[in-house]
Structure formats: C-alpha cells, structure tokens
Amino acid sequence: MEYRKFNDDYVVRLNKGEEVVASLKELCKNEDIKLAEITGLGASNLVEIGIFNVNTKEYNTKVFEGMFEITSLVGNATRKDGEVYLHIHINFGDESGNVKGGHLVQSKISATSEIIVRKIDGEVGRKLSSEIGLNLLEFNV
C-alpha cells in the first residue's frame, strides 16, 4: 500500500496481491483515523461479500473468484471499543458485465486499486444493537 496525505484526505493505491480491508485498517490505525468516508475502485481476483439476514441476525457470505472490476467501493471508518471498525460495501463486475455486491468481507487486488479516505474531524463509535443484530453508529462517544 502506498498513500499520500493532502490536508485530511488520503489518496491510497493498493498493489497486486494486497487485501483491501486489512490495508485500510492498517492505514486508519497508523494515521489515527477515528472517523472517515471511504470511496474507491479497482480490480480484484477474489471478493468475499456478506448479505445480512435480518431474521437470523447473521451475515451469509459468499466468495467469488475470477477477473473483476471493482465498480464501487463505499463506506466509512469508525471505532468500536477503541479499535478500527470498517463498514464498506462493494459492487464488482465480471467479464460479461454481471454485477454483484454486498458488505465487503475481503477483496484481494489483482492489478491495482485507488481509494480515497476522507478524514472527518470528530469521533463516532459503534455499539451492538441486540434488536437489530448489527453494530450501529453510537454518537455518545
């Protein structure tokens, strides 16, 4: 991963073989980013997504392998119990133009990925909602 900081924004390039979620967690930890908006695109050969089942309160995950264009990567970075917490969704297309998407679990870069991390001045936490089954934004930090 290579990146450059411009004021409170980070322009990030992930290289072949790097994993998106792990790389962004590393960036947020190293740069002490507590709240940020994340957007990006790129190319991947392995994508794991989750779809949240509101009845079971669990993510059903699926792994896709092949040649994919990441057409949209969007999400945020917050903190939960002091640790970096990423909530990112991904859309990715295959050679036939079929697009899939969901909650990003992991994505391995096959060529490159370009990501913007826009740091927001402030802090928002996460707290598990037993009713919903998800870690919701917590504003009383």
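First, a word on what this report is: a plain description of the structure on this page. Just so you know, these numbers come straight off a predicted model, no measurement behind them. (Residues numbered from 1 in each chain as written. Predicted model: local features only at pLDDT ≥ 70, side-chain atom pairs only at ≥ 80, totals over all residues. Heavy atoms only, no water.)

Time to look at the pattern of salt bridges. Under the counting rule described, the total for this entry stands at five salt bridges. Note that Asp9 and Arg118 form a salt bridge whose closest N and O atoms lie 3.1 Å from each other. Highlighted residues: Asp9 in strand β2 (residues 9-15) and Arg118 in strand β6 (residues 99-119), separated in sequence by 109 residues. You can call Asp9 partly exposed: its relative accessible area is 23%. It is possible to trace a salt-bridge network through shared partners that takes in Asp32, Lys34 and Arg79. (Salt bridge = Lys/Arg side-chain N within 4 Å of Asp/Glu carboxyl O. Helix = DSSP H or I, 4+ residues; strand = E, 2+ residues; numbered from the N terminus. Buried < 20%, exposed > 50% of the residue type's maximum accessible area, 1.4 Å probe, protein only.)

As a further point, take the pairing of strand β4 (residues 58-80). Pairing geometry for strand β3 (residues 36-53) and β4, over 16 bridges, is antiparallel. In the sheet register, Val47 faces β4, and the bridge partner there is Phe64. Where β3 hands over to β4, the hairpin turn is made up of four residues, of which Lys57 adopts a positive phi near 60 degrees. Both β4 and strand β5 (residues 83-93) contribute to a ladder of 11 bridges, which runs antiparallel. In the sheet register, Gly75 faces β5, and the bridge partner there is Ile88. (Pairing = 2+ DSSP bridges.)

A word on the packing of aromatic side chains. In this description, an aromatic ring pair is defined by two values, namely the gap between the centres and the angle between the planes. Here the structure, examined in full by the defined rule, presents four aromatic pairs. The interplanar angle of 75 degrees and the centroid separation of 5.1 Å between the aromatic rings of Phe68 and Phe92 together place this pair among those described as edge-to-face. Of the two residues, Phe68 is situated in strand β4 and Phe92 in strand β5; the sequence distance between them amounts to 24 residues. Both residues of the pair, Phe68 and Phe92, count as buried. Joined through ring pairs, the aromatic side chains of Phe64, Phe68 and Phe92 make up one cluster. (Phe/Tyr/Trp six-rings, centres within 6.5 Å; stacked < 30°, edge-to-face > 60°.)

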